[in-house]
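Close look at the chain arrangement
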Amino acid sequence: CGGNNLPCLTSFGTDSTLDIITWNIEHFPKNYYTLDKVKSIINQLNVDIIALQEIQNEFYFNELIQSLDNYDGFRSNENNVGLNLAYIYKSNIQVDTIRDISGLNIDDFGRNPLLMKFEWADENIFLINNHFKCCDYYEERIASVQALKSYIDDSLYNSNVIVLGDLNDKIEEPDSNN
């Protein structure tokens with residue numbers, strides 16, 4: 001459908017809606033063709049904001065942003081193993097702040113969440129991009145959720161908050177563990 005191993009995608013972004021997705025892009029870029037494929041997917045989706053996880057290479061991330069029409073981006077340099085968080089957003093989004101949320105127990109999170117504050121439809125909105133530990137770290141993920149909830153309750157009370165990202169939950173587990 002999309003040719004060159006690209007998935008069949010339908011644009012779902014509209015001018016009257018705020019369209020946000022999250023995407024663990026897994027060690028971006030994986031190979032030489034990754035940049036062109038990601039660019040094509042983003043252009044096809046036509047969303048306002050993309051919260052990304054596992055952005056390994058800052059140079060190629062910046063190259064991706066420069067190759068996209070009407071998009072800007074920000075990549076955190078917080079994580080020293082290269083599994084950084086990032087945002088790609090349309091240039092018309094009025095971004096106030098993008099920063100790492102520090103002060104949380106990094107041992108539980110694996111990496112600090114990335115906060116984005118922006119304005120849309122005369123409302124301030126906060127996005128919190130996460131990449132929780134994977135594998136057998138159920139207790140750490142629970143601690144991460146609790147720490148994040150405390151941060152939101154203490155710092156963003158009565159605000160418009162969207163929590164997203166790769167929470168690394170095992171959906172095959174019983175509901176009581178999800």
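As the structure is a prediction and not an experimental result, all values here were calculated from the model. (Residues numbered from 1 in each chain as written. Predicted model: local features only at pLDDT ≥ 70, side-chain atom pairs only at ≥ 80, totals over all residues. Heavy atoms only, no water.)

1. Focus: the sheet that holds strand S8 (residues 160-166)
Across the sheet, which stays open at both edges, the 4 strands sit in the order S5-S6-S7-S8 with mixed pairing between neighbours. Either end of the sheet is taken by a strand with one partner, and the two such strands are strand S5 (94-100) and S8. If you compare each strand with its neighbour and ignore which way they point, the axes differ by 20 degrees on average. Here strand S6 (residues 114-120) runs beside strand S7 (residues 123-131); their pairing, made up of 7 bridges, is antiparallel. Note that in S7 the partner of Leu114 across the bridge is Asn129. Together, S5, S6, S7 and S8 form the strand contacts of helix H4 (residues 138-155), whose direction differs from that of S7 by roughly 165 degrees. (Pairing = 2+ DSSP bridges. Helix = DSSP H or I, 4+ residues; strand = E, 2+ residues; numbered from the N terminus. Axes fitted to C-alpha atoms, helices over the stretch in contact; angles between N-to-C directions. Contact = heavy atoms within 4.5 Å.)

2. What about the nonpolar core?
Among the nonpolar cores identified, the biggest contains 19 residues, and Phe28, Ile42, Leu52, Phe61, Leu64 and Ile88 are the most heavily contacted of them. Elements with a minimum of two residues in this core: strand S1 (20-28), helix H1 (34-45), strand S2 (49-55), helix H2 (58-67) and strand S4 (84-90). Examining the composition of this core, we find that 5 residues originate from one element, H1, more than from any other. Leave out the neighbours within four places in its chain, and Ile88 touches Ile42, Asp48, Ile49, Ile50, Leu52, Phe61, Leu64, Ile65, Leu68, Tyr71, Asp72 and Gly73. One finds Leu85, Tyr89, Met116 and Ile125 within the second-largest nonpolar core, a separate group that totals 13 residues. (Core = buried A, V, L, I, M, F, W, Y, C linked by side-chain atoms within 4.5 Å. Buried < 20%, exposed > 50% of the residue type's maximum accessible area, 1.4 Å probe, protein only.)

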